[in-house]
Amino acid sequence: MLAPLNSFLCRHDFYWSERHGAERCRRCAKLRQNDKPTHAEPLRFEAPPVRPDAEVMPFPDVVHSVEATAPAPAPSHDLRTRIEHLADGQTLDRAAVLALLLDLIEDGQSSDPQIVGVTAAEIYARLHAAAAQA
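Residues numbered from 1 in each chain as written. Predicted model: local features only at pLDDT ≥ 70, side-chain atom pairs only at ≥ 80, totals over all residues. Heavy atoms only, no water.

With that settled, the discussion passes to the pairing of strand β2 (residues 22-25). In this structure, strand β1 (residues 14-17) lies alongside β2, joined through four bridges in antiparallel fashion. Looking at the pairing, tryptophan 16 lines up with glutamate 23 of β2. (Pairing = 2+ DSSP bridges. Helix = DSSP H or I, 4+ residues; strand = E, 2+ residues; numbered from the N terminus.)

This is how it looks when you write it as structure tokens:
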């Protein structure tokens with residue numbers, strides 16, 4: 001008796017059915033009756049319009065500005081030695097500290113890291129002791 005009213009009383013949950021080529025309700029299987037298309041407009045392959053030069057901001061030339069401000073010193077020692085020198089009290093300028101941090105992060109992300117396991121624990125202990133003394 002309620003079968004004719006099922007689609008009328010249903011709170012429709014429509015999905016796209018490839019088999020029926022239309023949107024169909026998950027609960028009562030009613031097809032959606034709609035005048036507007038259910039799909040977005042077709043893909044366009046034209047080039048986008050050219051933007052005026054006033055709207056386009058040029059990218060800054062980062063390579064030249066970094067090279068001009070601070071030349072990167074070539075590290076003479078391996079990463080562990082450089083960290084141990086820092087823990088022993090060697091003072092580093094900002095560029096050297098940044099280079100050391102970048103090398104440490106790169107080492108941690110590499111496929112063959114130098115600072116792992118017991119080595120990392122020893123270095124951490126030395127740095128922690130140096131920070132406590134400072």
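Once that is clear, we can look at the nonpolar core. Formed by Leu79, Ile83, Leu100, Ile115 and Ile123, the largest nonpolar core amounts to five residues. Excluding residues that lie within four positions of it along the chain, isoleucine 115 makes contacts with Leu79, Arg80, Leu104, Asp107, Ala120 and Ile123. (Core = buried A, V, L, I, M, F, W, Y, C linked by side-chain atoms within 4.5 Å. Buried < 20%, exposed > 50% of the residue type's maximum accessible area, 1.4 Å probe, protein only. Contact = heavy atoms within 4.5 Å.)

Turning our attention to the packing of helix α3 (residues 79-87) against helix α4 (residues 94-109). It is the contact of α3 with α4, at a shortest axis distance of 11 Å, that shows an interaxial angle of 135 degrees. In this view, α3 runs oblique relative to α4, as classed from their interaxial angle. Relative to α4, α3 is oriented so that their crossing is left-handed. Judged by residue contacts, Leu79, Arg82, Ile83 and Leu86 of α3 engage Ala99, Leu100, Asp103, Leu104 and Asp107 from α4. Split by residue class, the contact of α3 with α4 holds six nonpolar, no polar and three charged. (Axes fitted to C-alpha atoms, helices over the stretch in contact; angles between N-to-C directions. Parallel < 35°, antiparallel > 145°, perpendicular 65-115°, else oblique. Left-handed = near helix turned anticlockwise from the far one by under 90°. Nonpolar A, V, L, I, M, F, W, Y, C, P; charged D, E, K, R; others polar.)

If you trace the backbone, histidine 12 turns up in the loop between α1 (3-9) and β1. We classify histidine 12 as partly exposed; its relative accessible area is 31%. Linking histidine 12 and arginine 32, residues 20 residues apart in sequence, is a C-alpha distance of 9.1 Å.

Together, Val97, Leu98, Leu101 and Leu104 give the surface a local cluster of nonpolar side chains, amounting to about 290 Å² of exposed area. Here leucine 101 is to be found in helix α4. (Patch = residues over 30% accessible without salt bridge, like charges linked within 9 Å, V, L, I, M, F, W, Y side chains within 5 Å. Areas by Shrake-Rupley, 256 points an atom, 1.4 Å probe, with all protein chains shown as cover. Salt bridge = Lys/Arg side-chain N within 4 Å of Asp/Glu carboxyl O.)

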